[in-house]
Amino acid sequence: STSKNARSRSYEIVRCRAGEWWSASVGEADEVITAAVGNFDNEPEPALLKLATGSLSGKLRVYRPRQRGYSLEDLLLEAALELPVLQLAAGRLTADSSKLTLAVLHPRALSVYRLVGSGGGSDDGPSYHALECIFSHALERPSYNLLVGTASGSGDFACVQSMDGLLTLLEKERAQPPCQLSKFLLPGPLTYCANTDALLTFNSQLEVDCYRRAHFAPSPASTHPRLQVDWSVPVGEHVTALLVARLSRGMAASQVDIVVVAERLLLYIKENGSIRNQKRLDYSACCAAAHSVDGSSQQRLVVGGRTGAVMVYSDMELLWAARLPGPPATLGVHRFGQQPGLLLSLLYDGTTTLSYLGTTPPPPGAVGAAESKQLNYEAMDAEHRRLLGVIREASTTRPEPAGGISLRAEVPLRCDERGSGEGAEELPALTVRLMAAHSGVAPADDVSMVASCAPPLFLAADHIVLPPLIAGDPPAAVPLVFRARPDELPVDLSATVVVNYSAGGELRCASCELRLPLRLVADPVEPLKTSGFRLTIETNRPPLPLGALFEDMVVDAASAAAEGAALSIVYGCGLDATVLASKKERGRYRVCSSRFEGLWLLTDELVRRLRAHGEGEAGASDGGFAVWYEDSLPLREYFEAIDDHLASRRALVDAKAELEQRARQLRAVEKRLLVRLKDRVPAPIASLEALLEGSHHQLLELAHRAEEHQAQLRFHAARVSAGTRLLLLLLRLKFRLGDEEERLLEAHLSPLTSFSEEASDGWEERTAAALTHLLHHGLKKRGTGAEPSASPSQGAQAPLAMPADAAKVKKSITLVCDRLNKGSRPGKGGAQAAAPGSWEPPGKEAG
């Protein structure tokens, strides 16, 4: 209870800002990223600490804050080093170890400087300061960070970590041969523990590693010997700071803590690698620093958060919290002037601030200002009237401006030559030239063209940006390259092109529908004898030679096809189809295929070409060309495809449910392992690693199985789509449906069966619901009166769900075919009713 109350009080304190004692900013153009504190000019006691900052532009500045508020006399030195400054550090790195120096890390060099003061002699110290370079060491690899440590008995040394994990030690102005970290992918924080004479760093496996400095010895067998890890401690999070301090209570005078500050974790590690204490943080930490307390051997920890808050800890207890102007990149506690305990913070915007750990209350009106704001009802009413006027103007129907972009497609009958590349370059391609011409007064700007087609067709580039089009200029020719994947059944050869543009400040669009040739998805072969599925299309004209109907397909076929007896094609997926022409006077054409779904595309192409040829005839004495279908509808084969599609959906749902169950099991095992990892006293994992490996292996197998079910669902969806399109075509030919009647029927019996990841709303239940509505409202029995009133239960229908079987949708399709056979026609209230058997094709008697 006491700790909870203290914790809540600390968050109330965060609302207060830390008091600013001194601040310096250099502007956004100079990005300051590092700072160091020390008596760099080696001023005699009582000496004042200096503050050095470095920037990526190579500017080094040295300040001497003496009193509250920044003044021009505080800036002792500003030097341009001509190289980016990555990090600054203070240490005695020269042969004369009594003098403090400033180490400057550049991308490819480490330079050590001494700050020299001259002139003056007043109480304020020297009046002029200069920077003197003592030595500079070129680095073999690009550097990442710098560490300056104090080893017992040998003085200070510097260690540079490169971007690829190479450590270079410099001591007494001499560099040792570099050594390579053993477990390295990306560089991390680096610190030094003098008690064990070891370097500590953080690797990409989310572990803290310890390397003994005694192992930094040259090896004759390798240019860069690989260091051996003394011990490792898993952290499980990204570490933002590594420190060595005395924070834990009750430690011996010779012991220290290795402090690991992660994003959401505070961890204290003993010198031998065992965990001493840990604490979960409810904020995201970005930096940390330790500082001493007068009269005590125990230190305190200052942690900066990404929200700008600064937390002060004694051991694991939160003592104080305050808010800075922004998130700090560097923190420290030092004595400047005569003021002890000042908090040094380097913000990400380059501002260097010295703050005191007290707080400044928020300015008046910062809290509760929104509640005291008076509402201006007159301004609100004026804004409401203005918005109503904008809505009224936008909803007003205006006449369509004259002129615009017109589209014309030039579709060749032959495919392009196949490329010799790999992947899509080997697939058959067809280049369609789309001509875009502008006839408006204002030029067409921001012209973008989008093309779409149904699988397995695809475009090399489906979005094209065109330059502005001006009236009177030649039409812009845009090539559209269509290709077909060979692993799927083609069901639709149509493509749509939409052009969006702006003319005279108004957004407009133009569209174009085109049909791709059959040769893109099928190749002619020798006539095949197919004994599978077949249907017969009849006309009131003598049979036409297939060489005249399919001129683009028989150019490479056998002589039998060229004479008009038969034509066989093979789709890219391997399915075959054949069309046979009758040798009698009566125009009959038989379409055969080894699979039911293979009948659709060739039948549709045959009917289209017969109608195009018949409409081109003139002077017919029998009332015009007609084509019809007389045999029974292939409902049994169509229903088998629906059953297979529904079974594939159910198999995919079951596979996903099992996959989700195994994923939950894997997450549970991972959480349990993480709990064991975070324990202060680690416990045995009790074969959890075997359970984790087995769960992961099962998860991969189930994922592969789910992918196989998705491929099967795509296959059966294409089968149902082809069967639906074929049934709609046969219904139109058998019952002579008009264009509007066919459109209404297709809207309820949709051939769009593209599968979705959400299996709860599929084609079967949507089609069953749509056909039920059609039977009740648009396809009633003959002789019924007005539309039946909706029952109360129909007002709130239950949501669609995957059915157990396809009986309902098959029954609805059968009823629709029966109603059409009895003379009903889809329309408004079923008013378009024809007498059953009253229609005879024109010229049928003559056949």
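Above this note sits the structure.
All residue numbers refer to positions counted from 1 along the written sequence of the respective chain. At least 70 in pLDDT is required for a residue's local features to be given in this predicted model, at least 80 for side-chain atom pairs to be given and counted, and no such filter applies to totals for whole chains, interfaces and linings, which use all residues. The basis for every side-chain value is the complete set of non-hydrogen atoms in the structure, without hydrogens or water.

A.B. asks: Quick question: what am I supposed to make of the overall build of the protein chain here?
C.D. replies: By definition, any uninterrupted DSSP run of H or I lasting at least four residues is a helix, any uninterrupted run of E lasting at least two residues is a strand, and each is numbered from the N terminus. If you tally the helices and strands in the protein chain, you get 10 helices and 43 strands. In this description, contact between two residues means that some pair of their heavy atoms is separated by no more than 4.5 Å. When contacts within the protein chain are restricted to residue pairs at least 6 apart in sequence, those whose partners lie at least 24 apart make up 60%. Total accessible area computed for the protein chain in this model is approximately 43,000 Å², and 52% of it derives from carbon and sulfur atoms. Each accessible area is a Shrake-Rupley result for a 1.4 Å probe, and residues are judged covered by the shown protein chains and nothing else.

A.B. asks: Explain the nonpolar core here, please?
C.D. replies: Where a protein is soluble and globular, its nonpolar side chains tend to be buried together. Each nonpolar core is a collection of buried residues, namely Ala, Val, Leu, Ile, Met, Phe, Trp, Tyr and Cys, held together in the definition by side-chain atoms within 4.5 Å. A simple rule labels every residue: compare its accessible area, found with a 1.4 Å probe on the protein chains alone, to the largest value its type can have, and call it buried under 20%, exposed over 50%, or partly exposed in between. Formed by 94 residues in total, the largest nonpolar core has its most connected members in Leu-480, Phe-550 and Ile-813. Ranked by the residues each element gives to this core, the list is headed by helix 7 (residues 688-735), at 11 residues. Residues in contact with Ile-813, not counting those within four places in the same chain, are Leu-635, Tyr-638, Phe-639, Ile-642, Leu-727, Leu-749 and Leu-771.

A.B. asks: How should I be thinking about the pattern of salt bridges in this particular structure?
C.D. replies: Side chains that carry opposite charge are capable of pairing whenever their charged atoms lie near each other. For salt bridges, the criterion is a side-chain nitrogen of Lys or Arg within 4 Å of an Asp or Glu carboxyl oxygen. In total, this model carries 41 salt bridges according to the counting rule given. A salt bridge links Arg-249 to Asp-315, with the nearest nitrogen and oxygen atoms 3.7 Å apart. Taken as a pair, Arg-249 in the loop between strand 19 (239-245) and strand 20 (257-262) and Asp-315 in the loop between strand 25 (309-314) and strand 26 (317-323) lie far apart in primary sequence, 66 residues in all. Judged by relative accessible area, Asp-315 falls into the buried class, the value being 10%. Note that Arg-719 and Glu-597 form a salt bridge whose closest N and O atoms lie 3.3 Å from each other. Of the two residues, Arg-719 sits in helix 7 while Glu-597 sits in the loop between strand 42 (587-593) and helix 5 (599-615), which places them 122 residues apart along the sequence. We note that Arg-719, like Glu-597, is buried.

A.B. asks: Sorry, what's going on with the environment of Ile-813 here?
C.D. replies: Mapped onto the elements, Ile-813 comes out in helix 10 (residues 807-821). The buried category is assigned to Ile-813, whose relative accessible area is 2%. C-alpha of Ile-813 to C-alpha of Leu-771: the two residues are 42 residues apart in sequence and 7.3 Å apart in space.

A.B. asks: What am I meant to see in the packing of aromatic side chains here?
C.D. replies: What characterises a pair of aromatic rings is the spacing of the ring centres plus the angle enclosed by the ring planes. Note on ring pairs: Phe, Tyr and Trp rings are taken, using the six-membered ring of Trp, and paired if centres are within 6.5 Å. Classes follow the plane angle, with under 30 degrees stacked, over 60 edge-to-face and the rest tilted. Counted according to the given criterion, the structure contains six aromatic pairs. Between the aromatic rings of Tyr-63 and Tyr-70, the centroid separation amounts to 6.3 Å while the plane-to-plane angle is 70 degrees, which identifies the pairing as edge-to-face. Taking relative accessible area as the criterion, Tyr-70 reaches 37% and is therefore assigned partly exposed. On the numbers, 6.3 Å between centres and 65 degrees between planes, the contact of Phe-533 with Phe-596 is edge-to-face. One end of the pair, Phe-533, is in strand 39 (residues 533-539); the other, Phe-596, is in the loop between strand 42 and helix 5, and 63 residues separate them in sequence. Taking the relative accessible area as the measure of exposure, Phe-596 reaches 5% and is therefore buried. Here a set of aromatic residues connected by ring pairs shows up, and it is made of Trp-22, Tyr-63 and Tyr-70. Sitting over a ring, as applied to charges here, requires NZ of Lys or CZ of Arg to be within 6 Å of the ring centre and within 35 degrees of the ring normal. Here Arg-213 stacks its cationic end above the ring of Phe-157, 4.3 Å away from the centre of that ring.

A.B. asks: Honestly, the sheet that holds strand 36 (residues 494-503) in this entry has me stumped. Any pointers?
C.D. replies: Adjacent strands of a sheet form backbone hydrogen bonds with each other and so pair up, either parallel or antiparallel. Pairing is antiparallel across the open sheet formed by four strands, whose spatial order is 34-32-36-37. On the outer flanks of this sheet lie strand 34 (463-466) and strand 37 (506-515), each paired with one strand and no other. Recorded for the sheet is a direction-independent mean angle of 15 degrees between the axes of neighbouring strands. Here a strand pair is declared whenever DSSP counts at least two bridges between the two strands. Two elements, strand 32 (residues 444-453) and strand 36, share eight bridges in a ladder whose sense is antiparallel. Residue Ser-448 lies in a different strand from strand 36, and its bridge partner there is Asn-500. To obtain an axis, a line is fitted to C-alpha atoms, over the contacting stretch when the element is a helix, and the angle between two such axes runs from 0 to 180 degrees between their N-to-C directions.

A.B. asks: What is the right way to look at the packing of helix 5 against helix 7 in this model?
C.D. replies: Where helix 5 meets helix 7, the closest approach of the two axes is 9 Å, and the angle between their N-to-C directions is 35 degrees. The crossing of helix 5 and helix 7 is left-handed. Residue-level inspection shows Leu-599, Trp-600, Thr-603, Asp-604, Val-607 and Arg-611 of helix 5 in contact with helix 7, the latter providing Ala-722, Arg-725, Leu-726, Leu-729, Arg-732 and Leu-733. Ten residues, namely Ala, Val, Leu, Ile, Met, Phe, Trp, Tyr, Cys and Pro, are considered nonpolar, four, namely Asp, Glu, Lys and Arg, are considered charged, and the remaining ones, Gly among them, are considered polar. In the contact of helix 5 with helix 7, the residues fall into seven nonpolar, one polar and four charged. Left-handed is the label given to a crossing in which the near helix is rotated counterclockwise from the far helix by less than a right angle, and right-handed is the label when the rotation is clockwise.

A.B. asks: Before we go on, may I ask you to explain the sheet that holds strand 31 (residues 429-438) in this structure?
C.D. replies: One open sheet accounts for four strands, arranged 30-31-35-33; its pairing is antiparallel. The sheet terminates laterally at strand 30 (405-410) and strand 33 (457-459), the two strands that pair on one side only. Averaged over all pairs of adjacent strands, the angle between strand axes in this sheet comes to 30 degrees, irrespective of strand direction. Note: strand 31 against strand 35 (residues 476-484), eight bridges, orientation antiparallel. Each residue of the ladder has a partner; that of Met-435, found in strand 35, is Ala-477.

A.B. asks: In this structure, what is going on with the environment of Asp-576? I would like to understand it.
C.D. replies: With respect to the helices and strands, Asp-576 occurs in strand 41 (residues 576-581). Taking the C-alpha atoms as reference points, Asp-576 and Thr-530, separated by 46 residues in sequence, lie 8.7 Å from one another. Those residues in contact with Asp-576 that sit more than four places away from it in its chain are Leu-528, Thr-530, Ile-569, Val-570, Ser-593 and Ser-594. In terms of polar contacts, Asp-576 uses its side chain to reach the side chain of Ser-594, at 3.0 Å. Two N or O atoms form a polar contact when they lie within 3.5 Å of each other; inside protein one atom must be a possible hydrogen donor and the other a possible acceptor, and for residues adjacent in sequence the pair counts only when both atoms belong to side chains.

A.B. asks: Would you take a moment to explain the pairing of strand 32 for this structure?
C.D. replies: As a general feature of sheets, a regular strand has side chains that alternate between the two faces. As paired elements, strand 32 and strand 34 share four bridges and run antiparallel to each other. Paired with Val-450 across the strands is His-463, a residue of strand 34.

A.B. asks: How do you make sense of helix 2 (residues 377-395) when you look at a structure like this?
C.D. replies: Because each turn of an α-helix spans 3.6 residues, side chains separated by three or four positions end up pointing in the same direction. Given a helix with a known number of residues, its expected span is that number minus one, times 1.5 Å. Taking 1.5 Å of rise per residue, 19 residues should cover 27 Å, and helix 2 covers 27 Å from first to last C-alpha, within 8% of that figure. Taking the backbone nitrogen of Glu-378 as reference, a side-chain oxygen 3.4 Å away marks Asn-376 as the first, capping residue of helix 2.

A.B. asks: Help me understand helix 9 (residues 763-778), please; the structure alone is not making it clear to me.
C.D. replies: Considered for burial, the residues of helix 9 that qualify are Trp-763, Glu-764, Glu-765, Thr-767, Ala-768, Leu-771, Leu-774, Leu-775 and Gly-778. Here the buried face of helix 9 lies against helix 6 (635-678), helix 7, helix 8 (739-748) and helix 10.

A.B. asks: Would you mind showing me how to read the side chain of Thr-603 here?
C.D. replies: Inspection of the secondary structure puts Thr-603 in helix 5. Thr-603 has contacts with Leu-535, Ile-537, Val-591, Leu-726 and Leu-729, leaving out every residue within four places of it along the chain.

A.B. asks: Is there a simple way to think about unusual backbone geometry in this case?
C.D. replies: Trans peptide bonds make up the majority, and among non-glycine residues the majority have a negative phi. With an omega of 10 degrees, the peptide bond running from Pro-455 to Pro-456 counts as cis. Topologically, Pro-456 is positioned in the loop between strand 32 and strand 33. At Asp-197, a residue that is not glycine, the phi angle is positive and equals roughly 50 degrees. Turning to its location among the elements, Asp-197 is positioned in the loop between strand 15 (190-193) and strand 16 (198-202). A relative accessible area of 26% means that Asp-197 is categorised as partly exposed.

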